[in-house]
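In case you want the letters, here they are:
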Amino acid sequence: MKKSVFLGTLAATTVLAGAAFAGTLDDVKARGELICGANPGLTGFAAPDANGVYQGFDASLCKAIAAAVLGDQNKVKFVPLTSETRFTALASGEVDVLIRNSTWTFSRDHDLKLDFVAVNYYDGQGFLVKKDLGVSSAKELDGATVCIQTGTTTELNLADFFKQNNITYTPVTVADDSEAQRNYLAGTCDAFTTDASGLAAARSSFPDPENHIILPEIISKEPLGPVVRHGDNQWGDVVRWTFNALLIAEEKGITKANLAEVEASTTDPEVKRLLGSEGDMGVMAGLDNAAFKNAILANGNYGEIFEANIGSSTPIGLARGLNALWTQGGLQYAAPFR
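Let us look at the structure shown here. Just so you know, these numbers come straight off a predicted model, no measurement behind them.

Here's the deal with the overall build of the protein
Next, step 1: Each helix and strand counted, the protein has 14 helices and 14 strands in total.
Next, step 2: Relative to a compact globule of 338 residues, whose C-alpha radius of gyration would be 20 Å, the protein shows 22 Å and is just as compact.
Next, step 3: Burial statistics for the protein: of 338 residues in total, 52% are counted as buried.
Next, step 4: In the protein, 27 positive and 40 negative side-chain charges are present, and the distance between their average locations comes to 6 Å.

Structural notes on the state of the cysteines
One covalent bond between the sulfur atoms of two cysteine residues makes up a disulfide.
Next, step 1: Taken as a whole and judged by the stated rule, the model has 2 disulfides.
Next, step 2: Two residues, Cys36 and Cys62, share a disulfide whose sulfurs are 1.9 Å apart. Here Cys62 lies in helix H3 (residues 57-70) and Cys36 lies in strand E1 (residues 34-38), a separation of 26 residues in the sequence. Side by side, Cys36 and Cys62 carry an identical accessibility label, which is buried.
Next, step 3: Note on cysteine connectivity: Cys147 is disulfide-linked to Cys189, with sulfurs 2.0 Å apart. Given an S-S torsion of about -95 degrees, the disulfide between Cys147 and Cys189 has left-handed geometry.

Describing the packing of aromatic side chains
Next, step 1: Under the counting rule described, the total for this entry stands at 18 aromatic pairs.
Next, step 2: For the pair Phe57 and Tyr121, a centre-to-centre distance of 6.1 Å together with 85 degrees between the ring planes defines the contact as edge-to-face. Placement of Phe57 in helix H3 and of Tyr121 in strand E7 (residues 121-123) is noted, with a sequence separation of 64 residues between them. In terms of burial, Phe57 and Tyr121 fall into one category: buried.
Next, step 3: Arranged with centres 5.9 Å apart and planes meeting at 85 degrees, the rings of Phe57 and Phe306 form a pair that is edge-to-face. Taken together, the residues Phe57 in helix H3 and Phe306 in helix H14 (residues 302-309) connect sequence positions 249 residues apart.
Next, step 4: Residue classification places Phe306 among the buried residues on the basis of a relative accessible area of 0%.
Next, step 5: Three or more aromatic residues link up through ring pairs in this structure, and these residues are Phe45, Phe57, Tyr121, Phe243, Tyr302 and Phe306.
Next, step 6: Lys130 extends its terminal NZ or CZ atom over the ring of Tyr184, reaching a point 4.0 Å from the ring centre.

Notes on the environment of Asp49
Next, step 1: For Asp49, the location among the structural elements is in the loop between strand E2 (47-48) and strand E3 (54-55).
Next, step 2: In this structure the C-alpha to C-alpha distance between Asp49 and Val262, which are 213 residues apart in sequence, comes to 32 Å.
Next, step 3: Reaching out from Asp49, the side chain makes a polar contact with the side chain of Gln55 at a distance of 3.2 Å.

Topic: the pairing of strand E11 (residues 191-195)
Next, step 1: Within E11, 5 of the 5 residues are buried, which leaves the element mostly enclosed by the surrounding structure.
Next, step 2: Bridging between strand E8 (residues 125-130) and E11 involves 5 bridges; their strand directions are antiparallel. Looking across to E11, one finds that Leu128 is bridged to Phe192.
Next, step 3: In this structure, strand E9 (residues 144-149) lies alongside E11, joined through 2 bridges in parallel fashion. Following the sheet pairing, Val146 is matched in E11 by Ala191.

Regarding the environment of Asp142
Next, step 1: Inspection of the secondary structure puts Asp142 in the loop between E8 and E9.
Next, step 2: Sequence-wise, Asp142 and Leu61 are 81 residues apart; in three dimensions their C-alpha atoms are separated by 39 Å.
Next, step 3: Excluding its chain neighbours within four sequence positions, the residues that come into contact with Asp142 are Ile167 and Thr168.
Next, step 4: One polar contact links the side chain of Asp142 to the main-chain amide nitrogen of Thr168, over a distance of 2.9 Å.

What counts and what doesn't
- Residues numbered from 1 in each chain as written.
- Predicted model: local features only at pLDDT ≥ 70, side-chain atom pairs only at ≥ 80, totals over all residues.
- Heavy atoms only, no water.
- Helix = DSSP H or I, 4+ residues; strand = E, 2+ residues; numbered from the N terminus.
- Rg over C-alpha atoms; globule rule 2.2 N^0.38 Å.
- Buried < 20%, exposed > 50% of the residue type's maximum accessible area, 1.4 Å probe, protein only.
- Lys, Arg positive; Asp, Glu negative; His and termini not counted.
- Charge placed at Lys NZ, Arg CZ, Asp CG, Glu CD.
- Disulfide = S-S within 2.5 Å.
- Phe/Tyr/Trp six-rings, centres within 6.5 Å; stacked < 30°, edge-to-face > 60°.
- Lys NZ or Arg CZ within 6 Å of the ring centre and 35° of its normal.
- Polar contact = N/O pair within 3.5 Å; in protein donor to acceptor, adjacent residues only side chain to side chain.
- Pairing = 2+ DSSP bridges.
- Contact = heavy atoms within 4.5 Å.

Following this line, the structure appears as structure tokens:
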């Protein structure tokens, strides 16, 4: 009798354990589509083009994940989310992953029970003003009206900066970047504050970008990256290692154009593992062994994605800076693929 009870309990435990391991990866495979939470429209990062197809630096990471999991970068649905709704949408299962210029913080890790699995852009908060305002420093904004998105770390950083410098401001709260830009251009606020990359992206879309300046002060650390639900470790690993694969590809000089040639000729064991021609790294992650090769083929390596969407040759004109590879003095560093 005791043995039967024990076996029954063991069977129930096994079923529950199986259910616990059936997470987002299985859902995405069954659905045949990745659902990615994205910015409603931030030029260069994530915004629909003239055909309604999302393009950009963050959008490309969503596509790389779809390529890794489903073998097709086009099997992704983008769900536009405001700063106030993004984390609720992820926690509730409305989206599989959030890649929406979101800052990794202690409270978001703990209170919101979310996991930031990588940093795809190291950033900091800045200020955008019109040249004719006549200021050259954020410390000269005493009494200014400032456009600020609610529900963001930006809102808290702004309050801290003005308090520390013993100056005052009047917030003009907005729901998203588009509303902030409209208010700023209409003169409703003297300054617009958000991540410096976001300011550069916004300025590039203005009819007169040369008449707007980003002030020199960077008032915070803003590590931005993909977010998944806490406890879904297998899915978190898939997202993390898809991003790492893009970094390693850049480190190894693998591009979308030369990947086939490298695959045919390489003697580098790590490259062979990355491209799936040796070992079972993809299978170990619950994917096909060609998963990470497919991720690179989607839109290229990390550097290619950066330069194509937000780099120095684009209207946004961002230098790699902290986002250069570690071998080039930056912070982008992937763990070994072994």
